[in-house]
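Fold and contact review
Given next are the chains, with one letter for each unit.
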Amino acid sequence: MPETNEKILLAERPEGMPSHDTFDYQEESIEQPQDGQVLVKTIYLSVDPYMRGRMSSAKSYVEPFEVNEVINGTVVGEVVESKSSLFEPGDKVMGMLGWRRYNTIEDAAVRKIDDTIAPLSAYLGILGITGLTAYFGMLDIGKPAAGETVVISGAAGAVGMAAGQIAKLRGARVVGIAGTNKKTEYLKNELGFDETVNYNQVSDLTAALEEACPKGVDVYFDNVGGPVSDAVMSQLNDFARIPVCGAISSYNKTEADVGPRVQPILVKSRALIQGFIVSDYAPRFQEGSEKLAAWLSEGKLTYEETIVEGFENVPDAFLGLFTGENLGKQLVKVSEPSK
Ligand SMILES: NC(=O)c1ccc[n+]([C@@H]2O[C@H](COP(=O)([O-])OP(=O)(O)OC[C@H]3O[C@@H](n4cnc5c(N)ncnc54)[C@H](OP(=O)(O)O)[C@@H]3O)[C@@H](O)[C@H]2O)c1
């Protein structure tokens, strides 16, 4: 057990694309747990696009990170010391924890997870917020019917590939948009997407989408916003549904991201566009988790991860989300579990 801990703080609020200067590594001593507390060793740490929003001071649905404070996010770890009746050393847990190698926390800040059901990393992806976001966004708002055309942007990312598979389970024809050929090939060959478009390779995205969606678009699950979404929105069928999950293309913009006005399209198509935050569905997380776990164990759903090794590489893993380095869920492996 080392005596020194390491933590990552927000060094400054980034203007535009964050960089290594956004992060500050510091050392501290490891605090021993007091009554009701546990000491948790970080095994996996999740980096997520929404964290970019928390780096700015703008008011949003989650509190901003504070400059010179530890960044936090979802972490899977192992209890190494316990002064809590709820946990024993060796227990695997997850929670919203600081970006530290070790966190000393109240026991209520974590919950146990079962690595006999799925690998630990899956709790930060398909069995966690990622899977739930895809599940509720696609089924509650997108409501794909058999034979309908579902388009997904950011389709080879964590949420996107889960959303596409769920639409396939509903019998829809699924078209995925992603930024590299490796990604589009994965979607078609490994996940059975019906058609794909590499938005970085086509000269006319609207024409490429028209070809990929000859019957128009019934559901557009939007992860990226920007020009990709402008192209999809021009092809909506009557009564299309558009769950707006994210807009990663605008997260690093320093000026208002202005595109074509969508109101005339919405009137003409009578489409329904709805933003959502996965936490809106917290009362139904049990339902979603059980369904995702069942599909996983039945082999109806699969997932992919890109795992960067080492706490020192957390910034690179985070920055890579904005340059499309990841296939599936981007994680950082910080340490090995004890068994
Ligand atoms: N509403 C909610 O509750 C909720 C919950 C979780 C996530 N989200 C949102 O869902 C989206 C996906 O999240 P995730 O965790 O699954 O991340 P992700 O899709 O695994 O990773 C981000 C991906 O976005 C794509 N991308 C980056 N910059 C882009 C740009 N300028 N234009 C188009 N695509 C770009 C990249 O793929 P390419 O190589 O294909 O460009 C990259 O791999 C994000 O917008 C996130 O904020 C929302």
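First, a word on scope: everything that follows refers to the structure included in this document. (Residues numbered from 1 in each chain as written. Predicted model: local features only at pLDDT ≥ 70, side-chain atom pairs only at ≥ 80, totals over all residues. Heavy atoms only, no water.)

Digging into the sheet that holds strand E11 (residues 217–221)
Sheet architecture is open: 6 strands sit in the order E10-E9-E8-E11-E12-E13, paired in parallel fashion. Each having just a single partner strand, strand E10 (195–198) and strand E13 (272–275) make up the two edges of the open sheet. The average undirected angle you get between the axes of adjacent strands in this sheet is 15 degrees. Taken together, the 4 bridges between strand E9 (residues 173–178) and E10 define a ladder with parallel strand orientation. Residue pairing in the sheet places Val 175 in a bridge with Glu 195 of E10. Here helix H2 (residues 129–142) sits on the sheet in contact with strand E8 (149–152), E11, strand E12 (236–244) and E13, set at roughly 150 degrees to E11. Here helix H6 (residues 226–233) sits on the sheet and contacts E8, E9, E11, E12 and E13; the angle it forms with E11, its principal contact strand, is near 165 degrees. (Pairing = 2+ DSSP bridges. Helix = DSSP H or I, 4+ residues; strand = E, 2+ residues; numbered from the N terminus. Axes fitted to C-alpha atoms, helices over the stretch in contact; angles between N-to-C directions. Contact = heavy atoms within 4.5 Å.)

Thoughts on the side chain of Thr 22
Positionally, Thr 22 belongs in the loop between strand E1 (4–10) and strand E2 (23–29). Using a relative accessible area of 1% as the deciding quantity, one classes Thr 22 as buried. What Thr 22 contacts, discounting residues up to four positions off in sequence, is Leu 9, Leu 10, Ala 11, Glu 12, Pro 14 and Met 55. (Buried < 20%, exposed > 50% of the residue type's maximum accessible area, 1.4 Å probe, protein only.)

Some points on the pairing of strand E5 (residues 92–98)
Counting buried residues in E5 gives 6 out of 7 residues, a clear majority hidden from the surface. The sheet contact formed by strand E4 (residues 72–82) and E5 spans 7 bridges and is antiparallel. Looking across to E5, one finds that Thr 74 is bridged to Met 96. Note that E5 and strand E7 (residues 111–112) share 2 bridges and pair antiparallel. From the neighbouring strand, Val 93 faces E7, where its bridge partner is Lys 112.

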